[in-house]
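Residues per chain are reported as follows:
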Amino acid sequence: DGVPVDSGPTVFTMRWIFDSIFEAIGERLDDHLHAEPLELLARHAWRPPAASGATAGDEPRLDLWRDLERSADEIGRFAGADESRRFLAFCAEARRVYQRLEGPYIRSPRPGLWRMARDLGPSGVALLASLGPMASLWRSLGRHFRDPRLRQLFGRYATYCGSSPWLAPATLMLITQVELDGVWRVRGGMHAVARTLAGLAGRRGVAFRYGTRVDEIVVRGGRAAGVRVRPVDAAAGEASEVLAADTVVFNGDVNALGSGLLGPAARPAAVPVPRRDRSLSAVTWSMHADARGFPLAMHNVFFDDDYRSEFADIFEARRLPRHGTVYVCAPDRDDDGARRADRPGMHDRLLCLVNAPAQGDVSPGEPGYLDPREIDACEHRSFSLLQACGLQLERTEANTVRTTPAQFEQLFPATGGALYGRASHGWMAQFHRPGSESRLPGLMLAGGSVHPGPGVPMAAMSGRLVAEALMARLDSTSPSRRAAISGGTSTPSATTAATP
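Residues numbered from 1 in each chain as written. Predicted model: local features only at pLDDT ≥ 70, side-chain atom pairs only at ≥ 80, totals over all residues. Heavy atoms only, no water.

Peer 1: Give me the lowdown on the overall build of the chain, citing residues and values where you can.
Peer 2: Assigned secondary structure in the chain consists of 13 helices and 17 strands. Counting over 500 residues, the chain shows a buried share of 50%. Looking at the chain alone, contacts between residues at least 24 apart form 69% of all its contacts between residues at least 6 apart. Summing over all exposed atoms, the chain offers an accessible surface of approximately 22300 Å²; the carbon and sulfur share of this is 54%. (Helix = DSSP H or I, 4+ residues; strand = E, 2+ residues; numbered from the N terminus. Buried < 20%, exposed > 50% of the residue type's maximum accessible area, 1.4 Å probe, protein only. Contact = heavy atoms within 4.5 Å. Areas by Shrake-Rupley, 256 points an atom, 1.4 Å probe, with all protein chains shown as cover.)

Here it is as structure tokens:
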């Protein structure tokens, strides 16, 4: 319908990382972005039991709030007083895990097993050991909750890293604390964050070249020495130009390096990620549509009734899920489901998403190819689930744009459409992501496929780690020492600021 829909990442958390970026250049985030804390973190709904005879408005729903006690009360009404008490105990454990891992993992340039154990100290190691060193998130949730719907709800945090809750480590429970520390609504969407940072960088002398293809990372004398670029509409080899550099920072998916897409000389910079180790992809629908019947909040999750099969389909059978969870982002809605005053009218900007296998580079006729008919069937199942939960959407070809794993592969080459780099499967997964320093001297790495991981705040932190490594390198070669970066990684988070 000619309306822009912010169709990338939607959850803005860990604001302290962005505050530190703005502070490093003498600015305040609030002077450039309007970020409003959400009281309602997410609204969850489940398919009504087939034999319940439920009518519209009777669907099982559960809201999670920034106020911990309010969420506990909601859970008490939803699943009983015992589950409410278990929820509070679960949050307390998640908080302890986050406090222990923020420094040794999130802020660390690249944690190794022994270094991390040293930084955690005996009490931190004991805490993680109490979770079960080999335990999955799903197994850990089984210790905390009896109601399978609550295990389903909190198990979904594994998908924030593109992973299965049956295979992801129990430490991902820390995402609970990340959200309790705050989820923000950014006016203009996540795209406004990128535009703002680009504007601040441009005013400080950074030159951006849009519509430009990078053909290769130039390597001379065994180290990265620049990039060869050309306009996207130029033929191969025509109108190319080499931009010389002392250091190159690559923020695409590292698999593009290991696959040789940036030249054979740069191929040793990263180890290719096997297809079996790829994270989730997605099928998404960006919409400008009339939405009725369900009180949408900004973040909404609709669960089907066979959660295990969703991840068995994706990671084992390598097919689209037959009982997929559907996420709906509705930035034009308030906590009470009303349309925001600054977005009058009858239509909502919506992003709907269902998880999918990263098979976007599989050709027709090969095993694992996602046939258009399979995608159509997935679409029908997904919107049937929304309808069963009470949400009515008026979809047309004009007001909806669908994006598939094959299209995400085009956007992020060599990924198969994986949106989170390597899947976080197994307790050693956190040590498999490359750090800021690649295997090729002079080439540094940032983005969601490297440490500390995927998601907007983690990708921003990876850029921060690269910047600090470059500043340290300049320090070591400069006759005059540079000052420490203002607001660097010593900036406390909302959690650690309150930690004695």
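The discussion continues.
Peer 1: Could you give an account of a nonpolar patch on the surface, naming the residues involved and the relevant values?
Peer 2: Together, Val206, Phe208 and Tyr210 make up an exposed nonpolar region whose accessible area comes to about 340 Å². Among the structural elements, Tyr210 can be located in the loop between helix H8 (190-202) and strand E6 (212-220). (Patch = residues over 30% accessible without salt bridge, like charges linked within 9 Å, V, L, I, M, F, W, Y side chains within 5 Å. Salt bridge = Lys/Arg side-chain N within 4 Å of Asp/Glu carboxyl O.)

Peer 1: Give a description of the side chain of Asp332 that names residues and reports values.
Peer 2: Its place among the elements puts Asp332 in the loop between strand E13 (326-329) and strand E14 (348-356). At 2.5 Å, the side chain of Asp332 and the side chain of Arg349 are in polar contact. (Polar contact = N/O pair within 3.5 Å; in protein donor to acceptor, adjacent residues only side chain to side chain.)

Peer 1: Can you break down the packing of helix H5 (residues 137-144) against helix H6 (residues 148-155) residue by residue, with the values?
Peer 2: Interhelical geometry of H5 versus H6 gives an angle of 140 degrees and a closest axis separation of 10 Å. Taken together, H5 and H6 sit at an angle that is classed as oblique. Along this stretch, H5 crosses H6, giving a crossing that reads as right-handed. Here H5 contributes Leu137, Trp138, Leu141 and Gly142 to the contact with H6, which in turn contributes Arg151, Gln152, Phe154 and Gly155. (Axes fitted to C-alpha atoms, helices over the stretch in contact; angles between N-to-C directions. Parallel < 35°, antiparallel > 145°, perpendicular 65-115°, else oblique. Left-handed = near helix turned anticlockwise from the far one by under 90°.)

Peer 1: Got a sec to walk through the side chain of Ser382? Specific residues and values, please.
Peer 2: Mapped onto the elements of the fold, Ser382 is located in helix H11 (residues 372-388). The exposure class assigned to Ser382 is buried, which follows from its relative accessible area of 5%. Apart from residues lying up to four places away in sequence, Ser382 is in contact with Trp285, Val326 and Val354.

Peer 1: How would you sum up the pattern of salt bridges? Please name residues and give values.
Peer 2: Inspection of the entire model under this criterion finds 32 salt bridges. In this structure, Glu379 engages Arg402 in a salt bridge whose closest nitrogen and oxygen atoms are separated by 2.9 Å. Taken as a pair, Glu379 in helix H11 and Arg402 in strand E16 (residues 400-403) lie far apart in primary sequence, 23 residues in all. What emerges from the salt-bridge pattern is a single network uniting Arg15, Asp19, Arg28, Asp30 and Asp31.

Peer 1: Lay out the pairing of E14 with the relevant residues and their values.
Peer 2: For E14, the buried fraction is high: 8 of the 9 residues fall into the buried class. Examined bridge by bridge, strand E10 (residues 281-289) and E14 share 9 bridges and lie antiparallel to one another. Bridge assignment links Ser281 to a residue of E14, and that residue is Ala356. Where E13 meets E14, 4 bridges bridge the pair, whose relative direction is antiparallel. Note that in E14 the partner of Cys329 across the bridge is Leu351. (Pairing = 2+ DSSP bridges.)

Peer 1: I'd like a rundown of the pairing of E10, residues and numbers included.
Peer 2: The element E10 is extensively covered by neighbouring structure, given that 9 of its 9 residues are classed as buried. Residues Ser281, Val283, Trp285, Met287 and Ala289 of E10 are buried on one face, and the alternating residues Ala282, Thr284, Ser286 and His288, pointing to the opposite face, are buried as well. Bridge count between E10 and E16: 4 bridges; the pairing is antiparallel. Bridge pairing in E16 links Trp285 to Arg402.

Peer 1: Provide a residue-level description of a negative patch on the surface, including the pertinent values.
Peer 2: Taken together, the side chains of Glu39, Asp67, Glu69 and Asp73 make up a negatively charged region of the molecular surface. Considering the arrangement of structural elements, one finds Asp73 in helix H2 (residues 68-79). Residue classification places Asp73 among the partly exposed positions, given a relative accessible area of 47%. (Lys, Arg positive; Asp, Glu negative; His and termini not counted. Charge placed at Lys NZ, Arg CZ, Asp CG, Glu CD.)

Interpretation note: all reported values are geometric properties and have no functional meaning in isolation.
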